[in-house]
Each structure stands twice: as structure tokens, then as C-alpha cells.
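Chain by chain, the residues run as shown.
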Amino acid sequence: MTGVDPDNEATFCECVIKSDLRETCVAKQAVIEALERCRYGEDAVFAVKLALEEALTNAVKHGNRNDAAKNIIVRYAVNTEKAVVVVRDEGGGFLPDEIPDCTSPDRLPLPNGRGIMLIRAYTDEVCFRDHGREIYFLKRRATAGPTAAASRRSTKIRRTIYYSGQVQGVGFRYTTRDVASRFRVTGFVRNIPDGRVELVVEGREIELDRFQTAVEDAMRGAIRDAAATDARATGEFKKFSIAT
Amino acid sequence: MADEKPHVSVKNSGGVNIVEFADRKILEELSISEIGEELSRVVAGMDDVKMLLSFKNVEHLSSAALGMLITLNKHVAEKKGKLKLSDITPQIYEVFKITRLNKLFSVYGTAKEALADF
């Protein structure tokens, strides 16, 4: 491994594979082994694995369009600080800016179009080169990526949400209390003087997400905006109630 | 492919088909399309579709797997059935959150909680 430098692409290891999804495991294995040799943590390995999987799938399917005569070149370098991977295909390229937002309400139900978003979310730097035929991504060993936040999420969190709109005098607090009785959450809901409703709730994140969705479904017509922030749970509440 | 080991195991509990994945990684397009076909067959064989996907063995997935789940969700919705997800590790739940698919799917902490809500 001596001489491999993530800052100097001339030193990168190279792996050439055919445009066949069965072949991509060779390249994945090589990169994962390099990460493991440098003792990258579980979250960093998860992140690189996911980004590489998405980049290879894009190269096979969208870049080379499954053409077995075309190759994919994976170049990579890993040291104790960062990992860089470059995936190149032999297709016609694309314009990365024209990839639509897969989280918009009209695109959310569509089964595809999430790969590049995940690569961006799980790495520290991404760039497309040569008109999209080549993707470069960098993962720093030390960064707290989205998955580092995830490891905290198995514990309870406190979510504070401010609802604005026609939210007072419409039964918001009573509805919220009724909804809360169906979930494993504690906390309170109250009207605040500026006309908004304050909802403070503690529980596991998955439970809070479902609770929040249920409240917002029940009060859909009343809510104009919801501003939520998450923090560590305090455990101060025994139940969920309406506060004054 | 018919002779190969199935990618999912299905057991019925009180009218709900509980599906567990045999693979720890739901990544590769090839196995994902096979998983999708196996699950579609399960859905096609049910009149009143109630399906719980347990992710307890799953350590990794990809956008192609998310696409397969979305397509499955659509099939279940077409039959006016219910699809719920449970036992998702925090790392994988993060993938659902980033893509906002935690809003599209009914996600529960444990299979027990999900079963109580069918």
C-alpha cells in the first residue's frame, strides 16, 4: 500500500471490470479491504459501500447501458485520513444538474432516481468529470456523516415542533393528546401567545416520526408550517398532556 | 434461478404475512429483482394483503432496494392491502430518512408494535 496517496490520482490502485452487475463485487471487495486495512469505522465503511454501490450501478445501467463490450474503471486510494474513489464508464455522459429532486412530493413515489442523492449524502466531496462519465467521491475517516448521527438515534430523543397557521381554537391540543395516546411518547402540547402551538415530545425516533405524521394528518387543514428541532431526550415527562 | 435458495422467508401470523430477508445486504440489482419477484408472488397469493417486512437481518441496502420496496408498496396499495416495515437498524433508517421514504412507508420499531397496528 505504500505510495498510494488520495491526493495524487497518479498513485491510485486500479480495477477494470466489465459492464455486468455480477462483476462489480470484485471492485467493491478491493475498496472495502483497503478501508479495513486502514481500520475505518463501521459508519465510514457503510457510507463508502453505499456510495460505491450506487456509483457502480449507475455506471453499468445508465453509463454503459449494460453493454458488455464496455468497461468500467474503478480507481481508489485509501489512507488513514480519507478514502477517494473514482468510477469511470464508457457511456455518453450526463448532466448531473438535470437530475431531479427525488424527495419532491411528485417524485417521492417513483421507484428510481435516488442513487446520486445518496452518494452526496454519504460522502464529503462529490464531483462529476468528463461530462458525467466519471464520478469522484471522497470520504473523510473522521467526519460525522449521517450514519454517525444514526448511531445516536437508537436512544430516545426530544423533538420540539412549532406549528403555525390556524392552529389555536380548533381542537389542536385535544386532537394531539388523543393521537399521542396511540404512541409511546411523552411530553406536552400547548398554545403559545404568538398564536402558534408548541409540541414537545420525547421517544424513539421512529415512534416520533410516526406520531408527528399522525398529528399532521389529523390537523392537515390547520397547519401552515411546522418547524421541528431534535435534541437529546431529558426523560422529564411521565406521560403526554396538555400544558398551559 | 428457481433452484436457488429463496431470498426471503414468509410466515403467517394471525393473517399477516411476516417476511424476513435471508440476505444481510440488499444491494445488488440482480438479487433485488429476485426478491421483488418473490414478494410480488406472496402479494399475488393473498386476498386480504397484510404484509410485514422485518429488516432485522439486514445490514445494508441500496437505492435499487428502495425502488423495489416502492414498487411492492404500490402493488399492495392496488390490492387495498397494508404493508408495514419493522426492525430497521438506525443506519438503514437513516437511508429512509435522507430519501424521505420514512414518510411513504409505515415504519415501526419492532414487529410486535407493527402487528398490533394491522
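Predicted model, so just to flag it, every value in this text is computed and none were measured. (Residues numbered from 1 in each chain as written. Chains lettered and ligands numbered in written order. Predicted model: local features only at pLDDT ≥ 70, side-chain atom pairs only at ≥ 80, totals over all residues.)

> Can you break down the overall build of chain A residue by residue, with the values?
On a plain count of helices and strands, chain A comes out with 6 helices and 10 strands. For 244 residues, the compact-globule estimate of 2.2 N^0.38 gives 18 Å, and chain A exceeds it by more than 25% at 23 Å. With the C-alpha coordinates aligned to their principal axes, the bounding extent of chain A is approximately 65 × 35 × 30 Å. (Helix = DSSP H or I, 4+ residues; strand = E, 2+ residues; numbered from the N terminus. Rg over C-alpha atoms; globule rule 2.2 N^0.38 Å.)

> I'd love a proper account of the overall build of chain B, names of residues and values included.
Summing up its helical and strand segments, chain B has 4 helices and 7 strands in all. Secondary structure of chain B in N-to-C order comes out as β-β-β-α-β-β-α-β-α-β-α. Its C-alpha radius of gyration of 13 Å places chain B within 12% of the 13 Å reference for a compact globule of 118 residues. For chain B, the spread of C-alpha atoms along the principal axes amounts to about 35 × 30 × 25 Å. Among the 118 residues that make up chain B, the fraction classed as buried is 43%. Considering only contacts in chain B between residues 6 or more positions apart, those separated by 24 or more positions represent 72%. (Buried ≥ 20, exposed ≤ 12 C-beta atoms within 10 Å, placed from the backbone. Contact = placed C-beta atoms within 7 Å.)

> Any chance you could break down the interface of chain A and chain B for me, citing the residues and the numbers?
At the interface, 31 residues of chain A touch 26 residues of chain B. Elements with a minimum of two residues in the side of chain A that touches chain B: α2 (42-63), α3 (115-122), α4 (146-152) and α6 (205-218) of chain A. Among the elements that take part in the side of chain A that touches chain B, α2 of chain A stands out by supplying 6 residues, more than any other. Here the side of chain A that touches chain B is built from residues that sort into 13 nonpolar, 8 polar and 10 charged. (Nonpolar A, V, L, I, M, F, W, Y, C, P; charged D, E, K, R; others polar.)

> Any details on the nonpolar core? Residues and values, ideally.
Membership of the largest hydrophobic core comes to 70 residues, with the highest contact counts inside it found for Ala-51, Val-85 and Val-87 of chain A together with Ala-65 of chain B. The element that contributes the greatest number of residues to this core is α2 of chain A, accounting for 11 residues. If near-sequence neighbours (up to four positions away) are discounted, Ala-65 of chain B is found in contact with Ile-26, Leu-27 and Ile-32 of chain B. Residues Ile-161, Val-167, Val-201 and Met-219 of chain A belong to the second largest nonpolar core, which totals 16 residues. (Core = buried A, V, L, I, M, F, W, Y, C linked by C-beta atoms within 7 Å.)

> Please give an account of the environment of Glu-216 of chain A that cites residues and values.
Residues and elements named next belong to chain A. In this structure, Glu-216 sits in helix α6. The exposure class assigned to Glu-216 is partly exposed, which follows from the 16 C-beta atoms found within 10 Å. For the pair Glu-216 and Val-78, spaced 138 residues apart in the sequence, the C-alpha separation amounts to 45 Å.

> Report on the domain arrangement of chain A, specifying residues and quantitative values.
It is common to report an interface's size as the accessible area lost on association of the parts. What the domain assignment lists for chain A is domain 1 (9-149) and domain 2 (153-242). One C-alpha centre belongs to domain 1 of chain A, the other to domain 2 of chain A; they are set 38 Å apart. (Domains from an automatic or database assignment.)

> Give me the sheet that holds strand β5 (residues 134-140) of chain A: which residues, what numbers.
Residues and elements named next belong to chain A. The 5 strands are arranged β1-β2-β3-β5-β4 in an open sheet whose pairing can be described as antiparallel. Edge positions in the open sheet fall to β1 (13-18) and β4 (125-129), since each of these has one partner strand only. Neighbouring strand axes in the sheet, compared pairwise and without regard to direction, differ in orientation by 15 degrees on average. In the sheet, strand β3 (residues 82-88) pairs with β5 via 7 bridges, with the strands oriented antiparallel. Note on β5: the bridge partner recorded for Lys-82 is Arg-140. (Pairing = 2+ DSSP bridges. Axes fitted to C-alpha atoms, helices over the stretch in contact; angles between N-to-C directions.)

> Go over the environment of Asp-5 of chain A with me, naming the residues and quoting the values.
All names here are of chain A. Position of Asp-5 among the secondary structure elements: in the segment before β1. Assessed through the 13 C-beta atoms surrounding it within 10 Å, Asp-5 is described here as partly exposed. In this structure, the C-alpha to C-alpha distance between Asp-5 and Ala-77, residues 72 residues apart in sequence, is 6.0 Å. Once residues lying within four places of it in the same chain are set aside, the contact partners of Asp-5 are Thr-11 and Ala-77.

> How would you explain helix α2 (residues 63-78) of chain B if you had to name every residue and give the values?
Residue and element names in this part refer to chain B. Taking 1.5 Å as the rise per residue, α2 with 16 residues should run 22 Å; its terminal C-alpha atoms sit 23 Å apart, in good agreement. What α2 keeps buried is the set Ser-63, Ala-64, Ala-65, Leu-66, Gly-67, Met-68, Leu-69, Leu-72, Asn-73 and Val-76. A positive backbone phi angle near 55 degrees is found at Lys-80, which sits one or two residues after α2. (Expected span 1.5 Å × (residues − 1).)

> Just give me the short version of the sheet that holds strand β8 (residues 197-203) of chain A, but keep the residues and values in it.
Residues and elements named next belong to chain A. With mixed pairing, 5 strands are arranged side by side in an open sheet as β9-β6-β8-β7-β10. Each edge of the open sheet carries a strand with a single partner, namely β9 (223-232) and β10 (240-242). Averaged over all neighbouring strand pairs, the angle between strand axes comes to 15 degrees, with direction disregarded.

> An account of α2 of chain A is needed here, citing residue identities and associated values.
Over its 22 residues, α2 of chain A extends 30 Å from the first C-alpha to the last, a length consistent with the 32 Å expected when each residue adds 1.5 Å. Where α2 of chain A terminates, the next one or two residues include Arg-65 of chain A, which has phi positive at roughly 45 degrees.

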